[in-house]
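# Summary of the model geometry
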Amino acid sequence: MADQFIEVDKLRDTLRESLGKDDKRQEDISRPDVLTRIESVIQTIVISVSEGEAPVLRVMNRSSWDNVRFHESVGLVQKTDVPVRTLRCDCPSSATRFALTLKLLSVIYKLVQSDSYATKRDIYYNDPQLFGSQTTLDSILDDISCMLKVPRRSLHVCATSKGFISGDLCYLEEDGTKVDCSSSSTAVPVSSNVNGIRNIVSSAKFILIVEKDATFQRLLDDAFCTRLSPCIIITGKGVPDVNSRLMVRKLWDTLNIPVFALVDADPYGIEIMCIYKYGSRSLAFEAHSLTVPSVLWLGLLPSDIQRYRVPEETLIPFSQADESKINSLRTRDYISCQPAWEREIETMQRLKQKAEIQCLASIAPHFLTRVYLPNKLRYGGWI
């Protein structure tokens, strides 16, 4: 088993040598500071009202690629001169958003003041008719976090996790609960308060991010973590939630071991991997706490389709949406700075075919866990 990780160990040593360079992780903001920032916003509104003016709120535009820049050691970060959107209480198109933002600021203020926590779902279901949808509340919460320049975890509003984790890992939750992720047959939900996790203990050689829950379950069923122990596997079940991303970052900060991604060989799999690695446009203001730029693409590589002679009938032709997505990816700075990734994307676009990880089962039932992944790790088959 020792020679199984020679290349992984070399990679780990290289990564550790580069630690500390440009690492400016966003620090938690103290409770008094959060309260002061909210009070400052409210004070501005009160002054406007006292002067007979219609109060406004100014929030960052988080939806445009023009408002983010690529920093190779951090990922997608928000520019300093981002245009703002003005929410006016006297404008029909923004009055509702203005009122909901004030309502949520009030809820956050009470939570921080009392040092208590609530989930986004708790807040929504306290008055679902008011917010209209969970998506609306989530978006307003992100606007507030960006407006106050406060990481979401410091607002005392938690998100319900959708991700799962398994492998050689134990830790304590903030309330002292011990969590053991080492069961070979079941997974542990990712914590809803990743920031509160402490006493992380692991002898894992690497972390494997798995795009889909179905693939993650397949690894569990085939006792992957036992066969290739010690390691940690985690899935965000597709596009990752914030807690899954925070967990990967927390483990990287603590363990300093290689992080690999196993995603479908399609444009959306690549984009999901890039979210873990470089972050997302809408949460670029929290990039320092959410991204792991050292993530490496382990598979499924488009070149693997030919290399392993994946049966033609298991491949899926490109759709128009796939074509649009891959063209979008090729324009992004974080792709153009990775020549090996560019070559793989060019291969995919040339073939005009995509492949799901499950297609490897057409070669042999246990090909993924007993041949493909072990060989990739043993011979350094990542990019």
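Each chain carries its own residue numbering, running from 1 in the direction its sequence is written. Confidence filtering applies because this is a predicted model: local features only for residues at pLDDT of at least 70, side-chain atom pairs given and counted only at 80 or more, and all residues used for totals across whole chains, interfaces and linings. Think of the side-chain values as coming from all heavy atoms in the structure, minus any hydrogens and water.

### Considerations on the overall build of the chain
Helix and strand definitions here come from DSSP, where helices need a minimum of 4 consecutive H or I residues and strands a minimum of 2 consecutive E residues; each element is numbered from the N-terminal end. When you go through the chain residue by residue, the secondary structure sums to 16 helices and 17 strands. Computed over the C-alpha atoms, the radius of gyration of the chain is 22 Å, within 12% of the 21 Å expected from 2.2 N^0.38 for a compact globule of 383 residues. Along the first, second and third principal axes, the C-alpha atoms of the chain reach 70 × 50 × 40 Å. At a minimum sequence separation of 6, the contacts of the chain that also span at least 24 residues come to 77%. Carbon and sulfur atoms make up 49% of the accessible area of the chain, which amounts to about 17100 Å² in all. When charges are counted, Lys and Arg contribute as positive and Asp and Glu as negative, whereas His and the chain ends are disregarded. The atoms used to mark charge sites are NZ of Lys, CZ of Arg, CG of Asp and CD of Glu. Treating the 47 positive side-chain charges of the chain as one cloud and the 48 negative ones as another, the clouds have centres 1 Å apart. Atoms counted for the radius of gyration: C-alpha only. Globule rule: 2.2 Å times residue count to the power 0.38. In this analysis, two residues are considered to be in contact whenever any of their non-hydrogen atoms come within 4.5 Å of each other. Note on areas: Shrake-Rupley, 1.4 Å probe, and residue coverage restricted to the protein chains presented here.

### Digging into the UniProt feature "active site" (unreviewed entry) in the chain
In the numbering used here, UniProt assigns the "active site" (unreviewed entry) feature to Tyr125. Looking at the secondary structure, you find Tyr125 in helix α4 (residues 120-126). UniProt positions are given in the numbering used here, feature names are shortened, and annotations may be inferred rather than shown by experiment.

### Considerations on the packing of aromatic side chains
Pairs of aromatic rings are described using the distance from one ring centre to the other and the angle between the two planes. Note on ring pairs: Phe, Tyr and Trp rings are taken, using the six-membered ring of Trp, and paired if centres are within 6.5 Å. Classes follow the plane angle, with under 30 degrees stacked, over 60 edge-to-face and the rest tilted. Taken as a whole and assessed by the stated rule, the structure comprises 9 aromatic pairs. Centre to centre, the rings of Tyr124 and Tyr125 are 4.9 Å apart; their planes meet at 70 degrees, and the pair counts as edge-to-face. We classify Tyr124 as buried; its relative accessible area is 12%. Taking 4.9 Å as the distance between ring centres and 35 degrees as the angle between the ring planes, the aromatic pair formed by Phe260 and Trp382 counts as tilted. Here Phe260 is found in strand β14 (residues 259-262), whereas its partner Trp382 is found in the segment after α16 (367-379), with 122 residues between them in sequence. Taken as a pair, Phe260 and Trp382 share a single burial class, namely buried. Members of the aromatic cluster, joined through ring pairs, are Phe70, Tyr278 and Tyr334. The buried label goes to any residue with under 20% of its type's maximum accessible area, the exposed label to any with over 50%, and the partly exposed label to all in between, with areas taken from a 1.4 Å probe on protein chains only.

### Notes on the state of the cysteines
Any pair of cysteine sulfurs within 2.5 Å is marked as a disulfide. Applying the stated criterion across every chain, the model contains 0 disulfides. With no disulfide partner, Cys181 has as its closest neighbouring cysteine sulfur the one in Cys170, 6.9 Å distant. For Cys181, a relative accessible area of 1% corresponds to the buried category. Free cysteine: Cys225, not disulfide-bonded; nearest cysteine sulfur from Cys231 at 4.0 Å.

### As for the UniProt feature "domain: Spo11/DNA topoisomerase VI subunit A N-terminal" (unreviewed entry) in the chain
Using the residue numbers shown here, the UniProt feature "domain: Spo11/DNA topoisomerase VI subunit A N-terminal" (unreviewed entry) corresponds to residues 97-157. Structurally, residues 97-157 is divided into 70% helix and 5% strand, and its ends, taken at the C-alpha atoms, are 19 Å apart.

### Quick word on the sheet that holds strand β8 (residues 170-172)
Pairing within the open sheet is antiparallel, and its 3 strands lie in the order β9-β8-β11. Whereas interior strands pair on both sides, the edge strands pair on one side only; in this sheet they are β9 (178-180) and β11 (198-201). Within the sheet, the average angular offset between the axes of one strand and its neighbour, ignoring direction, is 10 degrees. Two strands make a pair as long as DSSP finds a minimum of two bridges between them. Relative to β9, β8 runs antiparallel, the two being bridged by 3 bridges. The partner of Leu172 across the bridge, within β9, is Lys178. Here an axis means a line fitted to C-alpha atoms, over the contact stretch when the element is a helix, while the angle between two N-to-C directions is reported on a 0 to 180 degree scale.

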